[in-house]
There are 2 protein chains.
Amino acid sequence: MSLGEFDLIQHFFTRPVRRSPLGVGDDCALLAPTPGMQLAVSTDMLVEGRHFVSTVAPRRLGHKALAVNLSDLAACGARPLAYTLAFALPRADAAWLGELAAGLHALADEHAVELVGGDTTAGPLNLCITVFGEVPAGQALLRSGAAPGDDLWVSGRTLGDARLALEVLRGTVQLPGDAFEQVRRAMEQPVPRVALGQALRGVASAAIDVSDGLLGDLGHVLRRSGAARSAAAPLGATLFADNLPRSAVLATLPGGHQLEFLLSGGDDYELLFTAPPALADAVRAAGIASATEVSRIGRIELEPGVRVVDVDGQVIATPWASFDHFR
Amino acid sequence: MSLGEFDLIQHFFTRPVRRSPLGVGDDCALLAPTPGMQLAVSTDMLVEGRHFVSTVAPRRLGHKALAVNLSDLAACGARPLAYTLAFALPRADAAWLGELAAGLHALADEHAVELVGGDTTAGPLNLCITVFGEVPAGQALLRSGAAPGDDLWVSGRTLGDARLALEVLRGTVQLPGDAFEQVRRAMEQPVPRVALGQALRGVASAAIDVSDGLLGDLGHVLRRSGAARSAAAPLGATLFADNLPRSAVLATLPGGHQLEFLLSGGDDYELLFTAPPALADAVRAAGIASATEVSRIGRIELEPGVRVVDVDGQVIATPWASFDHFR
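As the structure is a computational prediction, the values presented were derived from the model and not from experiment.

## Thoughts on the domain arrangement of chain A
All names here are of chain A.
- Here chain A is described as being made up of domain 1 (3-136) and domain 2 (151-317).
- A straight line from the C-alpha centre of domain 1 to that of domain 2 covers 27 Å.
- Taken together, the contact pairs 18 residues of domain 1 with 18 residues of domain 2.
- Elements with a contribution of two residues or more to the side of domain 1 that touches domain 2: α2 (58-76) and β3 (79-89).
- It is α2 that provides the largest number of residues to the side of domain 1 that touches domain 2, a total of twelve residues.
- Classifying every residue of the side of domain 1 that touches domain 2 by side-chain character gives ten nonpolar, four polar and four charged.

Dropping the structure here:
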């Protein structure tokens, strides 16, 4: 890459900074946290062939790279403030970079989050974003707050669609073109539940975003919530199979396939959270206030393990392994 | 990579967190900034074959990945607080990971900076670190504060050694084994000038860390300092060739080679900074207080361009291109 191509990158990624005391381009970005707020920080790295296919539209890749990071802020109930972007590129292609930047900037603008720093280098395609948000001290949603008896909730209605799209690309499932485009959107254009996360502060007892698959991420909540109690054993849960929200496309699959995609699909970026039953109306109000569908899909229990039950309460499944980027 | 290998990574990189309200392992890390302080943030990505050779000792790689990020905090005069680490690995090798972690942790402990979050994935070797530090509001050292008449200073005495080591590895220069080990240390074990950076608050008018080569980074200071003035034209500088600090190994090279390595070597991670001549003693005091050598190597001028002069004031060189990771 030439210096001219560095300028190209600067051209696409240098934007006026409004909230940071100092724009992009010094050794560090400077942020002025609001007094009384804690800073929430998360970092995610996206690698070609693992987190996206090489043919992904760069605008969608830009969106997704930021979306998965904003999703972590959402899971903490934090308000997004800023992000840094480091990326390695095999070559600098102006059209491709412009589209990548457009996807990033569009989502950034939607959430009023600004790019405050970065790094660019030559190398195998890799995007690493670190996001910063703020949350009133002591009010962050954690994974460790679930208690036996709490309801288990999930946002959205496309659980499993991202994994379904991946399986179509892998050739293990076939879908009509329209249906594929729909689930592909779930895979490439996840919607970070930022407003819902903030609306759930003081309502949800625990929260996590579903990146590894519902069961895998539920496992994190059960382990950490169990460890936070004096007993120290993991908690358990019952999941109501019929309450798991699914798209019309996913609903066309055979039942066993549906359940597998719903429970261990991964890459969903929905919020999985718990709340005491007495706060069920407050959860629904948070959903309405943030224009986000919420579904009550289960119950936290003292008995370890996860039991998936049908409408009659019969156990119909035991957990699968979670989605693993290293497979 | 198997889940067992994920556990291995957790094993090496999960440490007790002292200052952050929440340890590693939730969706976000939480930081509680000190009231009245601004948060300084920087991110750097290291790619195999660009920033380190594949044969580098993993302990040194861990050191370097964090050192280059701490160097950015140093250049802002910020006190390091915390960092996140995202990395892609082709495979999980316990011995290698243990050494990488040891290198990171040793430098982190030295600067009381703690690992608060991260991400791990399979992929071509890539390390992306984001560091957080804090600096009293309005006191950060910026690139834009240099004024005509200011002295130009640089820290340390191994300018050019990292590049010299690279050239030995490339086979363009030959050195005896002992001499190579010495310059290789400069390349693989840079010392972030964290204490000096903080000591220079209120003394230096501008600062940057030398990563792209002295001339290239001086160019950033000249451009940004010029742009910050009403004139908006870049400033210029005269460099005193004989004052440029160099190692005994570098001093064995022919004069022209020495100057090229000193001026455009890159990967030095020394602080290049400016200060009014009236504060020269304060600069020297900051160097002593931080046990860091400082050398007065030039002068900022209104006339654009960089003039390298000998002891008699004769111009002996014009700038070369800066070190460019995309070559």
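## Points about the environment of A204 of chain A
Residue and element names in this part refer to chain A.
- Mapped onto the fold, A204 is located in the loop between α6 (194-199) and β7 (206-209).
- Residue classification places A204 among the buried positions, given that 29 C-beta atoms sit within 10 Å.
- Here the alpha-carbon distance between A204 and L142, two residues 62 residues apart in the chain, equals 9.2 Å.
- What A204 contacts, discounting residues up to four positions off in sequence, is L141, F273, T274 and A275.

## Points about the environment of Q314 of chain A
- Tracing the sequence through the fold places Q314 of chain A in the loop between β11 (305-309) and β12 (315-317).
- Considered as a pair, Q314 of chain A and V56 of chain A are 258 residues apart in the sequence and their alpha carbons are 42 Å apart.

## Looking at unusual backbone geometry
Residue and element names in this part refer to chain B.
- Positive phi, close to 50°, is recorded for A112, a residue that is not glycine.
- A112 gets classed as partly exposed once you count the C-beta atoms within 10 Å, which come to 13.
- The phi torsion at D267 lies on the positive side, around 65°, for a residue other than glycine.
- Turning to its location among the elements, D267 is positioned in the loop between α8 (255-264) and β9 (271-275).

## Quick word on the relation of the copies chain A and chain B
- By a simple turn and slide, chain A fits onto chain B: the slide is 0.0 Å along the axis, the RMSD is 0.0 Å, and the turn is 180°. Between the two chains, the operation in question is that of a two-fold axis.
- Looking at chain A, 98% of its interface residues are interface residues in chain B too, so the copies touch through the same face.

## Observations regarding the packing of helix α4 (residues 161-170) of chain A against helix α5 (residues 177-188) of chain A
Residues and elements named next belong to chain A.
- α5 packs onto α4 with a crossing angle of 120° between their chain directions and a minimal axis gap of 7 Å. Of the two elements, α4 crosses α5, and the hand of that crossing is left-handed. Across the interface between the two elements, D161, A162, L164, A165, L166 and V168 of α4 pack against F180, V183, R184, A186 and M187 of α5.
- Considered class by class, the residues forming the contact of α4 with α5 number nine nonpolar, no polar and two charged.

Analysis parameters
- Residues numbered from 1 in each chain as written.
- Chains lettered and ligands numbered in written order.
- Predicted model: local features only at pLDDT ≥ 70, side-chain atom pairs only at ≥ 80, totals over all residues.
- Domains from an automatic or database assignment.
- Contact = placed C-beta atoms within 7 Å.
- Helix = DSSP H or I, 4+ residues; strand = E, 2+ residues; numbered from the N terminus.
- Nonpolar A, V, L, I, M, F, W, Y, C, P; charged D, E, K, R; others polar.
- Buried ≥ 20, exposed ≤ 12 C-beta atoms within 10 Å, placed from the backbone.
- Least-squares fit on C-alpha atoms with pLDDT ≥ 70 in both.
- Axes fitted to C-alpha atoms, helices over the stretch in contact; angles between N-to-C directions.
- Left-handed = near helix turned anticlockwise from the far one by under 90°.

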